[in-house]
Amino acid sequence: MDKKNSIKHKIITSKYFELSGLILLIILYSCIVQAKSGNFLTTGNIHNVLKEIVVYGILSCALAFPLINGTFDLSIESIAALGGTCCGLLVKDGLYGLKTNLPVAILISVIICCVVGAVNGLLVAFTSIDPFIVTLGSQVAVRGLVYIVGNNTAVTGLPDSFKALSNKPILGVSMSIWIMILVFVFMAIVLGKTAYGRKVYAIGGNYQAAFISGINVKGVRFSTYIISGGLSAIAGILSTARVASATPNAASGYATIAISACAMGGVALSGGKGLTIGVFLGSLLMGMITNGMNLMYIGSNWQYVVRGALMVVAVFYSQWFNSFSYKLANKK
């Protein structure tokens, strides 16, 4: 039998094979925490974990588009705070005199955040400024804008319809979880089933080759930041719905969690590689770590240590696995 047609070769070269290590880690961690706490794998706790990862799960999707395209976006957490604050003001006190119902408020907030993403995209795609610097500056500037828009105070007293975005059960599952699932499905379809998605991967894999092949590399790169801004807005709105208030410092530190989730999920920080299911599993593991360590009464300080260590290990594992699978696939 031809080696390239063998079952072993197909498994090793499968784009899903790299996720096997992450899946094993999730299973192993689940068994350890279940043995220690006794209620980690209960239906109620699984629902809690899924609800906990909604915000940074969606932010991970927002980050994955620029990452796979070969760039970066540190501003997602500030854009999320802007989206939540704008939406809260639009339905409660009014945003500079404009007050609307919830659906219109969500639409306007998403559009505002898409505009912020478009500014990022213009600077990244059409200038030579490094994406890290652009989005680092944007992160600070947008956070300041959130304080200005919110007048340095939290937006409270939100209507029940707003809170229902997070808490209302549909078929026994919170609405926010269903929204997160829809976002992941959107990401899977766009990146995996469309010509646009193939262009995103191609540009991230080799910018010059994509340009020579006729792809509008600047236009596609610009568009990934618009998508990132829109998804960040959704994350921010759901964060506001969950805590029933929009605070200027909302989602602080969530960019780091999103980077960790993407890295653990196999998204190459250099671009051109990453799967939706991997991003979801990475986000799931981040939520499991927090939930499991809380059940085992481990302090939040150690949770930061574990998250940081896992991020480094995830990147090392990805690099090692790529080298290992290449050698294994080409072994005579």
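Note that the structure is predicted; figures quoted are calculated from it, not measured. (Residues numbered from 1 in each chain as written. Predicted model: local features only at pLDDT ≥ 70, side-chain atom pairs only at ≥ 80, totals over all residues. Heavy atoms only, no water.)

### Digging into the overall build of the chain
Looking only at helices and strands, the chain has 15 helices and two strands in total. Out of the 332 residues belonging to the chain, those deemed buried represent 49%. When the accessible area of the chain is evaluated, it comes to approximately 15600 Å², of which 67% is carbon and sulfur surface. Taking the average location of the 23 positive side-chain charges in the chain and that of its 8 negative ones, the two points are 10 Å from each other. (Helix = DSSP H or I, 4+ residues; strand = E, 2+ residues; numbered from the N terminus. Buried < 20%, exposed > 50% of the residue type's maximum accessible area, 1.4 Å probe, protein only. Areas by Shrake-Rupley, 256 points an atom, 1.4 Å probe, with all protein chains shown as cover. Lys, Arg positive; Asp, Glu negative; His and termini not counted. Charge placed at Lys NZ, Arg CZ, Asp CG, Glu CD.)

### Here we look at the packing of aromatic side chains
Per the stated rule, a full pass over the model turns up six aromatic pairs. Measuring from centroid to centroid gives 6.0 Å for Phe-72 and Phe-132, while their planes differ by 45°, and the two rings are tilted. On the criterion of sequence distance, the pair formed by Phe-72 in the loop between α4 (54-68) and α5 (76-91) and Phe-132 in helix α7 (residues 131-149) is long-range, its members being 60 residues apart. (Phe/Tyr/Trp six-rings, centres within 6.5 Å; stacked < 30°, edge-to-face > 60°.)

### Details of unusual backbone geometry
Positive phi is not limited to glycine here, since Tyr-96 has a value of about 50°. Within the secondary structure, Tyr-96 sits in the loop between α5 and α6 (102-126). A positive phi angle is found at Leu-171, which is not glycine, with a value near 55°. In this structure, Leu-171 sits in the loop between β1 (169-170) and β2 (173-174).

### A closer look at helix α9 (residues 175-193)
Taking 1.5 Å per residue as the helical rise, α9 with its 19 residues ought to reach 27 Å, and the 26 Å between its terminal C-alpha atoms agrees with that figure. Residues of α9 that are buried include every one of Met-175, Ser-176, Ile-177, Met-180, Val-183, Phe-184, Met-187, Val-190 and Leu-191, and no others. (Expected span 1.5 Å × (residues − 1).)

### Topic: the packing of α4 against helix α13 (residues 254-264)
The geometry of α4 relative to α13 is characterised by a closest axis approach of 8 Å and an angle of 70° between their N-to-C directions. By the angle class used here, α4 and α13 are roughly perpendicular. Every pair of crossing elements has a handedness; the one defined by α4 and α13 is right-handed. Taking contact as the criterion, the partners of Val-55, Tyr-56, Leu-59, Ser-60, Leu-63, Ala-64 and Leu-67 in α4 are, on α13, Tyr-254, Ile-257, Ala-258, Ile-259, Ala-261 and Cys-262. Considering only residue class, the contact of α4 with α13 consists of twelve nonpolar, one polar and no charged. (Axes fitted to C-alpha atoms, helices over the stretch in contact; angles between N-to-C directions. Parallel < 35°, antiparallel > 145°, perpendicular 65-115°, else oblique. Left-handed = near helix turned anticlockwise from the far one by under 90°. Contact = heavy atoms within 4.5 Å. Nonpolar A, V, L, I, M, F, W, Y, C, P; charged D, E, K, R; others polar.)

### A closer look at the layout of surface pockets
The calculated volume of the second largest pocket comes to roughly 270 Å³. For the second largest pocket, the lining is made up of 16 residues, of which Gly-253, Ile-257, Thr-290, Tyr-304 and Arg-307 are closest to its centre. Elements that contribute at least two residues to the lining of the second largest pocket include exactly α13, α14 (276-295) and α15 (300-329). If one sorts the elements of the lining of the second largest pocket by residue count, α15 sits on top with six residues. Tallied by class, residues from the lining of the second largest pocket come to six nonpolar, eight polar and two charged. (1 Å grid on protein atoms, 1.4 Å probe; cavity = no way out; pocket = protein on both sides within 12 Å on 5 of 7 lines; lining within 4 Å. Points joined across faces, edges and corners; volume = space filled by probe spheres on them.)

### Describing the pattern of salt bridges
Summed over all chains, the structure comprises three salt bridges. Notably, a salt bridge pairs Glu-77 with Arg-143, separated by 4.0 Å at the nearest N-O pair. With Glu-77 in helix α5 and Arg-143 in helix α7, this residue pair connects regions lying 66 residues apart in the sequence. Judged by relative accessible area, Glu-77 falls into the buried class, the value being 8%. Ionic pairing is found between Asp-160 and Lys-163, a salt bridge with its closest N-O pair at 4.0 Å. Taken together, the residues span about one helical turn, with Asp-160 and Lys-163 both in helix α8 (residues 160-167) at a distance of three residues. (Salt bridge = Lys/Arg side-chain N within 4 Å of Asp/Glu carboxyl O.)

### Quick look at the side chain of Arg-221
Secondary-structure assignment places Arg-221 in helix α12 (residues 217-243). Of the buried charged residues, Arg-221 lacks a salt bridge, with Asp-130 as the closest side chain of opposite charge at 9.6 Å. In contact with Arg-221, not counting residues within four places along its chain, are Asn-69, Gly-70, Thr-71, Val-124, Ala-125, Ile-203 and Tyr-207.

### Examining the state of the cysteines
Think of a disulfide as a covalent bridge from one cysteine sulfur atom to another cysteine sulfur atom. Applying the stated criterion across every chain, the model contains zero disulfides. Sulfur of Cys-87: no disulfide; nearest cysteine sulfur belongs to Cys-86 and is 8.6 Å away. (Disulfide = S-S within 2.5 Å.)

### Quick word on the nonpolar core
The biggest cluster of nonpolar side chains holds 87 residues, and the ones touching the most others in it are Ile-58, Phe-162, Leu-165 and Leu-231. Counting residues per element, this core draws most heavily on α4, which supplies twelve residues. For Phe-162, the residues in contact, after removing those within four places along its chain, are Cys-87, Gly-88, Val-91, Leu-102, Ile-237, Thr-240 and Ala-241. (Core = buried A, V, L, I, M, F, W, Y, C linked by side-chain atoms within 4.5 Å.)

### Describing the environment of Phe-132
According to the relative accessible area criterion, Phe-132 is partly exposed, its value standing at 39%. Once residues lying within four places of it in the same chain are set aside, the contact partners of Phe-132 are Phe-72 and Leu-74.

### As for a nonpolar patch on the surface
On the surface, Leu-107, Ile-111, Val-115, Val-119, Leu-123, Ile-129, Phe-132, Ile-133 and Leu-136 cluster together into a nonpolar patch covering about 760 Å² of accessible area. Looking at the nonpolar patch element by element, the count peaks at five residues for α6. Looking at where Val-119 falls in the secondary structure, it is placed in helix α6. (Patch = residues over 30% accessible without salt bridge, like charges linked within 9 Å, V, L, I, M, F, W, Y side chains within 5 Å.)

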